[in-house]
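Descriptive analysis of the structure
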Amino acid sequence: MTTAVLLAAVLLASRLWLVEPVTVSSESMEPALPKGSTVLMFKPGPALGSPKAGDLVVFTSPEDASPAVKRAIAFGGQTVAIEDSVLVVDGVPQAEPGIDHSRIDGTYFGPVTVPAGHVFVLGDNRAGSIDSRAYGSVPLEALQATVLWPSGR
């Protein structure tokens, strides 16, 4: 009985402070994360160090206050643009092997400069994603977690 209670306490603590499943509720991260898929978010991730470009991050969506999963693209001081579907950071076109450029052909955005202490996030399905292009950069302190699994790369 003691072992069962201890195990339950460890599992509850892990879910509260370490790892929590989140269901992807939109098509904004397709094809990497199809709608309805489950990801494991690592809650201490943002506190252990800033995410890197390409990492998947979780934050509260400014649109509807639900958990949002997006890809970190650029950080404070960097410039971001999309030129005919090609992501450009600080004037350099970025290799994005998981992006289907034919689905977002003709997409243009920016350039914008990311404010200090913020991250610019994008959905992989650029034609069907509400992201930093709509609501601006996300403050780093607003990040709730990084995605532990799947990595979406």
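Since this is a predicted model, take the numbers as computed values, not measurements.

Once that is clear, we can look at the packing of aromatic side chains. Here the structure, examined in full by the defined rule, presents 2 aromatic pairs. Ring plane angle 70° and centroid distance 6.2 Å describe the contact between Phe-59 and Tyr-135, whose orientation is recorded as edge-to-face. Taken together, the positions of Phe-59 in strand β3 (residues 56–60) and Tyr-135 in helix α2 (residues 132–135) put the pair 76 residues apart, joining distant regions of the chain. Overall, the relative accessible area of 1% leaves Phe-59 in the buried class.

Time to look at the sheet that holds strand β5 (residues 79–83). Pairing within the open sheet is antiparallel, and its 4 strands lie in the order β7-β6-β5-β8. The sheet is open, and its two edges are formed by β7 (92–93) and β8 (109–113), each paired on a single side. Strand direction decides the pairing type here: strand β6 (residues 86–89) and β7, joined by 2 bridges, are antiparallel. Following the sheet pairing, Val-88 is matched in β7 by Pro-93.

Of the two faces of strand β2 (residues 38–42), only one is covered, namely that formed by Val-39 and Met-41; the face formed by Thr-38, Leu-40 and Phe-42 stays uncovered. Here strand β1 (residues 19–23) runs beside β2; their pairing, made up of 5 bridges, is antiparallel. Looking across to β2, one finds that Val-22 is bridged to Val-39.

Under the criterion given, the structure shown has 1 cavity of 30 Å³ or more. Roughly 40 Å³ of internal volume is contained in the largest cavity. What lines the largest cavity is simply Glu-30, Pro-31, Ile-99, Asp-100, Arg-103, Ile-104, Asp-124, Asn-125 and Arg-126.

Conventions adopted
Residues numbered from 1 in each chain as written. Predicted model: local features only at pLDDT ≥ 70, side-chain atom pairs only at ≥ 80, totals over all residues. Heavy atoms only, no water. Phe/Tyr/Trp six-rings, centres within 6.5 Å; stacked < 30°, edge-to-face > 60°. Helix = DSSP H or I, 4+ residues; strand = E, 2+ residues; numbered from the N terminus. Buried < 20%, exposed > 50% of the residue type's maximum accessible area, 1.4 Å probe, protein only. Pairing = 2+ DSSP bridges. 1 Å grid on protein atoms, 1.4 Å probe; cavity = no way out; pocket = protein on both sides within 12 Å on 5 of 7 lines; lining within 4 Å. Points joined across faces, edges and corners; volume = space filled by probe spheres on them.

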